[in-house]
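The residues making up each chain are set out below.
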Amino acid sequence: MSSHIFTHLDALESESIHIMREVAAECKNPALLFSGGKDSIVMLRLAEKAFRPAKFPFPLVHIDTEHNFPEVIACRDKLAADLGERLIVRSLEDSIKRGTIVIKDESKPRNPFQSVTLLETIAEFGFDACMGGARRDEEKARAKERIFSFRDEFGQWDPKNQRPELWDTYNTRVHAGENIRVFPISNWTEMDIWEYIGREKLHIPNIYFAHEREVIRRGGNVIPVSHLVQPKPSEKVEVATVRFRTVGDMTCTAPVESTARTVEEIIEETATTRITERGATRMDDQTSEASMELRKKEGYF
Amino acid sequence: MSNTTQLLRFITAGSVDDGKSTLIGRLLHDSKSIFEDQFSAISKTSEKRGMAAVDLSLLTDGLQAEREQGITIDVAYRYFATPKRKFIIGDTPGHEQYTRNMVTAASTANLVIILIDARRGVLVQTRRHTYLASLVGVPHIVLAVNKMDMVDYSQARFDEIVTEYKKFAAQLELHDVTCIPMSALNGDMVVDRGDKLDWYQGPALLELLEEVEIDHDVNTSDFRFPVQWVCRPQTEEHHDFRGFMGRIEAGEVSVGDEVTVLPSGSTTKVKEIVTYDGKLQTAFAPQSVTITLADEIDISRGDMFVKSSNHPPKVEKEFEAMLCWLSETPLDKNRKYLVKHTTRTAKCLFSRLFYRVDVNTLEPHEVDKLNMNDIARVAIKVQQPLVFDSYEIDRATGSFIVIDEATNNTVAAGMIA
């Protein structure tokens, strides 16, 4: 950068790097939550910008629901290997075997149970800070959450007992047993993420781009057919041209109909879309007005 | 979208009665930043509550925890963009904890919108909001004279309010104040100009938000670089690499510049400015970079690099500040606290409380303890020297937070005098 042109992406990037370096400097044993989704891929590039030429001063951690799209898991493994960084994967299956998670219905979303395995992983490794790629524009509970968000021993978020966050002087102190979730890209929007993916030429799972896929229509949602979601006798399987705006649990992540095959086309579509990211794609967030807020209070990201 | 779109952070100050939520709703709605699923949710709620039109103020409605317990969480952040700029709104509810919330939200803002109900004019709370904006050094102030529809869009009424407000504002050091008449309810002078306020020649609110000059909001002259993290890869490829990572808080620096490392006072030259995207010749605030130096000097997190040719910061163990107490537990003069200033944390003691400011009248009062929302002039002693500027000159190197070690809570915000 030779001239003094400092774009909004430059401003957001510098803020995120500053946050990551504060975590590295002040927390004893941090981790970076990495799923292979687009937001966590942006987080990985920001970590490279923050710490290269050294290795990351923390491992990457993924809490695998085993309900993930195979393309996303492949991308997760490839990116971690290419960067030469340590990736820790803990699966909900482990918690199920231990009996700490009891699944009643295999075809139901597993997001509510992720918190259990996350807390077990935090305890196993003694992490005092977990960085995640959540954004405040995603959802109204997140809009009110701090960048450094404190959790008690049960991993609970207490929205009415948050520390004031002034300037960018972050209070990172915790007592033993407590931990912090840190959201370095809090101030980024979906549009910023796509513009950054374009600018940085980031490799993301191909299911973010338009492709043909077998889907069924159920309750106003387009649902991808997979080994977990099979059509009921009354439902018709059709082939649609779709892309995913978010990639989560296969049973509750709906694609949107789209022909956008490049990042530029997605940016154009994002600029004109009239539905929010989670409104369009996350069936678990549609169940109640406060569903994200409730999950966060139970220790979710 | 052009590549030089800037980011503007602003907050709104005012109570629900002034139409604050309606104003934010109007700004989001008319700039086409509301999505269909959000709009349909508030349409349904408006209908349920028996309203004739969609109530835009519902867009800023709270969480379940807030509704159930009748509390409001201090700051919610909202995002919208126009082709010219990206905006971050820090939305603070107006209630009894207002001082604490507004100071928190204003600490990162470039601009504050102070709302007035045109029928009621300049009130005590208007003075309070304006004082807090000046205390926290928000560079730009907009006085939004709302509900002009309730006073027949009267120019005389607007002029009367502006005259009174400017008289008050002159007592405070406010450099940039713009007064705009508007009706958030009807959408006049928010995004669109409407046809009722033709006598007003200035910018509509969004136009101002898009155009206000924010490049000079940071100190651009004196280089300040607090060291955040020392990078020593110790790999074969980068065996001798020792880089100092941090964010430039003010000014700029070039390869070859002589820098002084504070508090030690050692001097050396900048060898390289390293980023992931390549080496730079010059870097400036607020870039996050890695600096390597010509000489091996003992440097750790908490030290600050300044340019030897620039105006020097102060390096002191004792200083005065304006303090805003944020905690429900009052300040205890006999206790030690922690102060976090840039990247340095040190033990501190409040050696004197000079006076408390009544935020409504601006009058000083004698004080011997500080409660939540109190603002006071204090003297602080720290265990190790801090490297600082006055807050007025540099918000980044003139601000600090106070942490209670027993609870780990952030209990105060300080601005160095």
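Details of the structure are given in the entry above.
In this report, we go over the structure that sits alongside the text.

About the thresholds
- Residues numbered from 1 in each chain as written.
- Chains lettered and ligands numbered in written order.
- Predicted model: local features only at pLDDT ≥ 70, side-chain atom pairs only at ≥ 80, totals over all residues.
- Heavy atoms only, no water.
- Helix = DSSP H or I, 4+ residues; strand = E, 2+ residues; numbered from the N terminus.
- Rg over C-alpha atoms; globule rule 2.2 N^0.38 Å.
- Buried < 20%, exposed > 50% of the residue type's maximum accessible area, 1.4 Å probe, protein only.
- Phe/Tyr/Trp six-rings, centres within 6.5 Å; stacked < 30°, edge-to-face > 60°.
- Lys NZ or Arg CZ within 6 Å of the ring centre and 35° of its normal.
- Contact = heavy atoms within 4.5 Å.
- Axes fitted to C-alpha atoms, helices over the stretch in contact; angles between N-to-C directions.
- Parallel < 35°, antiparallel > 145°, perpendicular 65-115°, else oblique.
- Left-handed = near helix turned anticlockwise from the far one by under 90°.
- Nonpolar A, V, L, I, M, F, W, Y, C, P; charged D, E, K, R; others polar.
- Buried area = accessible area lost by both parts, 1.4 Å probe.
- Salt bridge = Lys/Arg side-chain N within 4 Å of Asp/Glu carboxyl O.
- Polar contact = N/O pair within 3.5 Å; in protein donor to acceptor, adjacent residues only side chain to side chain.
- Pairing = 2+ DSSP bridges.

Here we look at the overall build of chain B
- Each helix and strand counted, chain B has 7 helices and 23 strands in total.
- By the compact-globule yardstick of 22 Å for 417 residues, chain B fits well, its C-alpha radius of gyration being 24 Å.
- Each principal axis of the C-alpha distribution contributes one length, and for chain B these read about 70 × 55 × 40 Å.
- Per-residue burial over chain B gives 58% buried out of 417 residues.

Some details on the packing of aromatic side chains
- One pass over the structure, following the stated rule, counts 22 aromatic pairs over all chains.
- Ring geometry for Phe223(B) and Phe225(B): centres 6.2 Å apart, planes at 15°, overall stacked.
- Judged by relative accessible area, which is 0%, Phe225(B) ranks as buried.
- Seen from their ring centres, Trp325(B) and Tyr337(B) are 5.8 Å apart, and the 80° between their planes marks the pair as edge-to-face. Placement of the pair is Trp325(B) in strand E17 (residues 314-325) and Tyr337(B) in strand E18 (residues 337-341), with a sequence separation of 12 residues.
- Every member of this aromatic cluster is reached through a ring pair, and the members are Phe51(A), Phe56(A), Phe58(A) and Trp229(B).
- Across the ring face of Phe150(A), the terminal group of Arg163(A) is positioned such that the distance to the ring centre comes to 3.4 Å.
- Just above the ring of Tyr337(B) sits the side chain of Arg335(B); from NZ or CZ to the centre is 5.1 Å.

Regarding helix H1 (residues 20-30) of chain B
All names here are of chain B.
- Across the 11 residues that make up H1, a large majority, 10, are buried.
- Those residues of H1 not exposed but buried are Lys20, Ser21, Thr22, Leu23, Ile24, Gly25, Arg26, Leu27, Leu28 and Asp30.
- Buried residues belonging to H1 abut strand E1 (6-13), strand E2 (76-81), strand E3 (85-91), strand E4 (111-117) and helix H7 (205-211).
- In the segment just after H1, Lys32 is the residue with positive phi, at about 60°.

Observations regarding the packing of helix H2 (residues 38-51) of chain A against helix H7 (residues 190-200) of chain A
Residues and elements named next belong to chain A.
- At their nearest, the axes of H2 and H7 sit 10 Å apart, and the two run at 55° to each other. With respect to their mutual orientation, H2 and H7 come out oblique. The two elements H2 and H7 cross, and the hand of that crossing is left-handed. Note on element contacts: H7 touches H2 through Ile193, Trp194, Tyr196, Ile197, Arg199 and Glu200, opposite Lys38, Asp39, Val42, Arg45, Leu46 and Lys49.
- When the residues that make up the contact of H2 with H7 are grouped by side-chain class, the tally is 6 nonpolar, no polar and 6 charged.

A look at the interface of chain B and chain A
- Facing the 75 residues of chain B at the interface are 67 residues of chain A.
- Overall, the association of chain B and chain A removes approximately 6200 Å² of surface from exposure, summing both partners, and the carbon and sulfur fraction of that is 56%.
- Taken together, the connections running from chain B to chain A amount to 9 salt bridges.
- Inspection of the region where chain B meets chain A yields 28 residue pairs in polar contact (both at pLDDT 80 or more).
- Here the side of chain B that touches chain A is built from residues that sort into 33 nonpolar, 25 polar and 17 charged.

Considerations on the sheet that holds strand E9 (residues 238-243) of chain A
All names here are of chain A.
- Sheet architecture is open: 4 strands sit in the order E8-E7-E9-E10, paired in antiparallel fashion. Each edge of the open sheet carries a strand with a single partner, namely strand E8 (221-224) and strand E10 (256-257).
- Both E9 and E10 contribute to a ladder of 2 bridges, which runs antiparallel. Pairing of Val242 across the sheet is with Glu257, part of E10.

Things to note about the side chain of Thr104(B)
- With respect to the helices and strands, Thr104(B) occurs in helix H4 (residues 98-106).
- Overall, Thr104(B) belongs to the buried group, its relative accessible area being 3%.
- Setting aside its immediate chain neighbours within four residues, Thr104(B) contacts Pro164(A), Glu165(A), Leu166(A) and Val75(B).

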